[in-house]
Amino acid sequence: MALLYKSTRGDKKFVTASQAILRGIADDGGLYVPTNIPKIDFGTEEIVGMDYKELAYRVLRLMLDDFSEEELRACIDGAYDDKFDDPLIAPLTETEECGVLELFHGKTIAFKDMALSILPYLLKTSAKKNGEDRTVIILTATSGDTGKAALEGFANVDGTGIIVFFPQDGVSDVQKRQMITQEGKNTCVVGIKGNFDDCQTAVKKAFTDPELKSQLASEGYVFSSANSINIGRLAPQIVYYFYAYGQMIKAGRISVGDKLNFVVPTGNFGNILAGYYAKEMGLPVGKLVCASNENKVLYDFFKTGVYDINRKFILTSSPSMDILISSNLERLLYHLSEDTDKVKGLMEGLGSAGKYEFSEDSCFVGEYSTESETFETIKSVFEKENYVLDTHTAVAYSGLRKYVGETGDTTPSVVVSTASPFKFAKSVLAAIDSKYEGTEAFEAVGLLSEVSGTAVPKPIKDLDKRPILHDICIEKDEIKDFVRNRIRQF
Ligand SMILES: *Cc1c(COP(=O)(O)O)cnc(C)c1O
């Protein structure tokens, strides 16, 4: 029997995986979830013998089961090739305290590449399978890293156009420069006067706007999403949890069947949710530690059962985690309750009152770290291990220390590393030694290379010398009209 996907909010239309990928979001505004989470049909001892691509195939065929083997392998081969600067794709580094799963070896040196290098292939294949011949317009809101990774993935892909919205003052200098220098005739990058939540909410609204949708349809366009609300983003992320497990066995830090904890620096809750799917599919996961920065909505939620966004939005040195509305949490609410009416009610409460209450036991634990704790962690890990963490990964590493300190849990752990320190060089350098405070962003990249003794990654070399190709900035309530007009140029 084929695996079907349905909306978290109760819409009765069930769809296949390829249809869910194509649509991005359900008609009622809910997110697509698998009606049942498939179980792996291989033993964990087999993981050790598989390379990334083979493992990706073995996992994805279960989640995206209406793709043929040939289709899926072609998508995987196209995605995980020498775009990645490490043949392992997602190598594991060890420190005394844990394994560190490096997900930043792709084109934009952040973990979004893991899914966004394959999503365009999955989307094109899905369009073909479903007889969709309209131009697919990707609308994406970004807190910094998704935008660039999506632009790289979709640039010059026939039959697609991509518009990326980012908070004008809410991304790092390197992130911004990466996006506004993007080449490709089908790409468009727009700054928004507002924060990430403003961007994401406006984009979701444009997506489900019936008037805009029907107008576009009549002109030969259809929307999809490259955000982690798309199941085509989530499914590929499940793979590296299995891969990390295999590498921890190889490193001798666990034996087959042992439990493993993961600590994940979290924003939109997409990455860590993929870890939950891995566990449900049969990976021996112990705890999933959800690490937040000072925007600690999720920490409070896991501690108290109350999700409350009525608070100040804080700009931190881990901007990709500066989020109050973690979209993918909606999927977890569904899986824990299996009650779409309930989820729908909670989401309505979030929309009207900015909060809801939900308590259910789970394998999730919340931790959060302040800016100074994050900086101290970068410094101490560098001094102890001669290994440089980026700011997001440091939030997680600090979260691991706090979790172990509080619980005494001795289960081996993997910290999921989501960005290269070079992407946030300015903050990282200041954390290592305060004498570097105030260093200009691009100068910091070169200095970090000297201090850490590692080469500047190719994707950001000479980034400051590339021509700026996008310089539009609009108000958040102009997004809909902007989309309407811009699309005609694709
Ligand atoms: C996107 C991102 C995160 C947050 O991941 P989610 O899936 O949104 O929870 C963390 N770190 C970095 C560097 C990111 O780019």
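The paragraphs below set out a description of the structure included in this document. Bear in mind the structure is a predicted one, so any value in this text is a computation, not a measurement. (Residues numbered from 1 in each chain as written. Predicted model: local features only at pLDDT ≥ 70, side-chain atom pairs only at ≥ 80, totals over all residues. Heavy atoms only, no water.)

1. A word on the sheet that holds strand 15 (residues 472-475)
One open sheet holds the 5 strands; their spatial order is 8-5-6-7-15, and the pairing between them is parallel. The two strands at the open ends of the sheet, each matched to only one other strand, are strand 8 (221-225) and strand 15. Shown here is a sheet whose adjacent strand axes are inclined to one another by a mean of 30 degrees, direction ignored. Sitting on the sheet, helix 9 (residues 196-208) is in contact with strand 5 (135-141), strand 6 (160-167), strand 7 (187-193) and strand 8, with an inclination near 155 degrees to strand 5. (Pairing = 2+ DSSP bridges. Helix = DSSP H or I, 4+ residues; strand = E, 2+ residues; numbered from the N terminus. Axes fitted to C-alpha atoms, helices over the stretch in contact; angles between N-to-C directions. Contact = heavy atoms within 4.5 Å.)

2. So, the pairing of strand 6
Burial analysis of strand 6 places 8 of its 8 residues in the buried class, the great majority of the element. Side chains Thr160, Ile162, Val164 and Phe166 project from strand 6 onto one buried face, and the interleaved Gly161, Ile163, Phe165 and Pro167 project onto a second face that is buried too. Inspection of the sheet shows strand 5 paired to strand 6 by 6 bridges, in the parallel sense. Paired with isoleucine 137 across the bridge in strand 6 is glycine 161. (Buried < 20%, exposed > 50% of the residue type's maximum accessible area, 1.4 Å probe, protein only.)

3. Some thoughts on the nonpolar core
Within the largest apolar cluster, 109 residues are counted, with the highest numbers of intra-cluster contacts made by Tyr5, Leu64, Phe242, Phe262 and Tyr356. At 13 residues, helix 11 (residues 231-250) tops the list of elements feeding residues into this core. For leucine 64, the residues in contact, after removing those within four places along its chain, are Tyr5, Ala17, Ile21, Leu72, Leu122 and Ala235. Core analysis: the next-biggest nonpolar cluster, separate from the first, contains 39 residues, Cys98, Ile109, Val365 and Phe442 among them. (Core = buried A, V, L, I, M, F, W, Y, C linked by side-chain atoms within 4.5 Å.)

4. Comments concerning the pattern of salt bridges
Side-chain pairs of opposite charge can arise where the charged atoms are in close proximity. Within the structure shown, the criterion is met by 31 salt bridges. The partner of glutamate 69 in a salt bridge is arginine 73, with the nearest N and O atoms 2.7 Å apart. Separated by 4 residues within a single helix, glutamate 69 and arginine 73 lie in helix 4 (residues 69-79), roughly one turn from each other. For arginine 73, a relative accessible area of 28% puts it in the partly exposed group. (Salt bridge = Lys/Arg side-chain N within 4 Å of Asp/Glu carboxyl O.)

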